[in-house]
Amino acid sequence: MEQAIDIILLGFLVVVAIAVVKQRDLFASVILFGIYSLLSAAIFVSLDAVDVAFTEAAVGAGISSILILSTLALTSRNEKPSSHSVFLPLMVVLVTGATLVFGTLDMPAFADPEAPVHKHVAPRYIQDSYQEVGMPNIVTSVLASYRGYDTMGEVVVIFTAGVAVLLLLSSVRHKEDELSNLTDLKHHPILLNVAQILIPIILLFALYVQFHGDYGPGGGFQAGVIFAAGFILYAMIIGIDEIRKTFTPKYLHWLSVTGVVLYIGVGIVTLLLGGEFLNYNVLAEEKLTGQHWGIFLVELGVGITVTATMLSLFLSFSEVRRTP
Amino acid sequence: MWELFILYSSYTLLLLGSFLSLTFGLGLLRFPDFYSRTHAAGVADTLCAALIIFGLSLQSGFNLVTIKLFLILIFLWFTSPTSSFTLASTAYRSGYGIKNNSSKRAE
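Residues numbered from 1 in each chain as written. Chains lettered and ligands numbered in written order. Predicted model: local features only at pLDDT ≥ 70, side-chain atom pairs only at ≥ 80, totals over all residues.

Student: In this structure, what is going on with the overall build of chain A? I would like to understand it.
Tutor: A count of helical and extended segments in chain A gives 13 helices and zero strands. Its helices and strands taken in sequence order, chain A reads α-α-α-α-α-α-α-α-α-α-α-α-α from the N to the C terminus. C-alpha extents for chain A along the principal axes are approximately 60 × 50 × 40 Å. Evaluated residue by residue, chain A yields a buried proportion of 31% over its 324 residues. Long-range pairs, those at least 24 residues apart, make up 70% of the contacts in chain A with a sequence separation of at least 6. (Helix = DSSP H or I, 4+ residues; strand = E, 2+ residues; numbered from the N terminus. Buried ≥ 20, exposed ≤ 12 C-beta atoms within 10 Å, placed from the backbone. Contact = placed C-beta atoms within 7 Å.)

Listed below in structure tokens is the structure:
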């Protein structure tokens, strides 16, 4: 039964992927990409990887659709017809695809218990992480403690990507704002009321996701994205000017740096206290308390950086004047 | 006996929800104009979500999962009518006609 669900979902995924490629209307492509992410999230749920599914749903289907749509407001809606011949790209795709398929021949079968991935470090994570890190959610222990280096890299990647987009956009920025074309429903009573009810709940949920990540699915990445989504909803329906006044660009830039600095700072403090970089055991007398503090601070850093970066991307997209 | 009754009512609700969802999906594809399609999608969102979540909460019994499911339902009842309304209202404001817009859609 579960296999049937997997096959159906994967089939949908292929259909949506083909539809995205065939689609010339970029707006429809963005929506199809959202569907694609939601389907991947469903596949992750059926693989019992709820943390990944949560991230995929929040980032892929949620915030990235919003960001790409606000990019689309700056460019044209339809894809330009290609003037190149299709032969070379087709060859490249075929060769790459053939290599990838050839590569899968060596891979262990799906869900093979003897596969290297289940033999290497995974048994230790599953058996010892509760004694070593003390988190009921193994994914959080792996993400923030065992593989703290990787997560630090991810935060720095998000930060760098945000800086790169801001640098690109700053060359076309105009003084006067005009995002009024994004929605003329701004002060509509139904939307306004629903948004006023929902936005506090969304922000509360983001806090829950941020601080409940030790016990259930969630963590800094998802919480940051949900936070940003709540503020973006506010900007789109209630008023972007209030958001601009609260989150000035300077403030947002400081925030996104703060998150990264908090993360790396925890690592430096552990170094100064005589442990390895990002070894949280030394943060407190008790080993597990140290781990708790370390993971709490690191996740907070992730959340702050993600929120600030997403929000500043949205705000700077909406600041750029529409190109004629 | 009671458990069996709960189980079968849960199955009935789930199947009914899925069937209605399928019908509304068909309506979404087959209805002639934009507004009736939006209507089909909006009704599906509220009614099918309710049926499926009631079915699931019967399966889970009364615990934290049920409360979470009902919170999801309330969230859906807030958001999906609003989004259908926003779609229809935006279409209407941007001058999208009610009749014979199949040619207009192709633009």
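Student: Just checking my understanding: could you explain the overall build of chain B for this structure?
Tutor: Each helix and strand in chain B was counted, giving four helices and zero strands. Evaluated residue by residue, chain B yields a buried proportion of 12% over its 107 residues. Considering only contacts within chain B whose residues lie at least 6 apart along the sequence, 68% involve residues at least 24 apart.

Student: Help me out: how do you make sense of the domain arrangement of chain A in this one?
Tutor: Residue and element names in this part refer to chain A. Each domain of chain A was delimited in the assignment, giving domain 1 (1-118) and domain 2 (137-324). Placing the centre of domain 1 and that of domain 2 at their C-alpha centroids yields a distance of 25 Å. Classifying every residue of the side of domain 1 that touches domain 2 by side-chain character gives nine nonpolar, five polar and one charged. (Domains from an automatic or database assignment. Nonpolar A, V, L, I, M, F, W, Y, C, P; charged D, E, K, R; others polar.)

Student: Honestly, the interface of chain B and chain A in this entry has me stumped. Any pointers?
Tutor: The figure often quoted for interface size is the accessible area lost as the parts come together. Contact residues are listed per partner, giving seven residues for chain B and seven residues for chain A. The class makeup of the residues in the side of chain B that touches chain A is two nonpolar, four polar and one charged.

Student: Please clarify how the nonpolar core should be interpreted in this entry.
Tutor: For soluble globular proteins, the rule of thumb is that nonpolar side chains tend to be buried together. With 53 residues, the main nonpolar core has Val225, Ile226, Ala228, Ile232, Met310, Leu311 and Phe314 of chain A as its most contacted residues. By residue number, the principal contributor to this core is helix H13 (residues 287-319) of chain A, which donates 13 residues. The residue makeup of this core includes at least three contributed by each of domain 1 (1-118) and domain 2 (137-324) of chain A. In this structure, Ala228 of chain A is in contact with Ile63, Thr307, Met310 and Leu311 of chain A, ignoring residues within four places of it in sequence. If you look at the next biggest cluster of nonpolar residues, it comprises nine residues, including Leu13, Ile52, Ile53 and Leu58 of chain B. (Core = buried A, V, L, I, M, F, W, Y, C linked by C-beta atoms within 7 Å.)

Student: For this particular structure, what's the right way to read the environment of Trp293 of chain A?
Tutor: With respect to the secondary-structure elements, Trp293 of chain A resides in helix H13. Leave out the neighbours within four places in its chain, and Trp293 of chain A touches Tyr280, Leu283 and Ala284 of chain A.

Student: Quick question: what am I supposed to make of the packing of helix H1 (residues 2-30) of chain B against helix H2 (residues 34-60) of chain B here?
Tutor: Relative orientation and spacing of two packed helices are given, respectively, by the angle between their axes and the distance between those axes. Residues and elements named next belong to chain B. Remark: H1 packs on H2, axes separated minimally by 8 Å, with the N-to-C direction vectors making an angle of 165°. Compared by their axis directions, H1 and H2 come out roughly antiparallel. Where H1 crosses over H2, the two elements pack in a sense that is left-handed. Here the residues of the contact of H1 with H2 are counted per class, giving 17 nonpolar, seven polar and one charged. (Axes fitted to C-alpha atoms, helices over the stretch in contact; angles between N-to-C directions. Parallel < 35°, antiparallel > 145°, perpendicular 65-115°, else oblique. Left-handed = near helix turned anticlockwise from the far one by under 90°.)

Student: Could you clarify how one ought to interpret helix H3 (residues 64-93) of chain B in this entry?
Tutor: One turn of the α-helix equals 3.6 residues, which is why residues spaced by three or four share an orientation. The end-to-end C-alpha distance of H3 of chain B, which contains 30 residues, comes to 43 Å, matching closely the 44 Å that a straight helix rising 1.5 Å per residue would cover. A positive backbone phi angle near 75° is found at Gly95 of chain B, which sits one or two residues after H3 of chain B. (Expected span 1.5 Å × (residues − 1).)

Student: Whenever I open this one, the packing of helix H6 (residues 122-132) of chain A against helix H7 (residues 138-146) of chain A confuses me. Can you help?
Tutor: Residue and element names in this part refer to chain A. One can describe the packing of H6 onto H7 by two numbers: an axis separation of 10 Å at closest approach and a directional angle of 90°. The orientation of H6 with respect to H7, classified from their angle, is roughly perpendicular. Taken together, the residues of H7 that come into contact with H6 (itself represented by Tyr125, Ile126 and Ser129) are Ile138, Ser141, Val142 and Tyr146. Each residue belonging to the contact of H6 with H7 can be placed in one class, and the counts come to five nonpolar, two polar and no charged.

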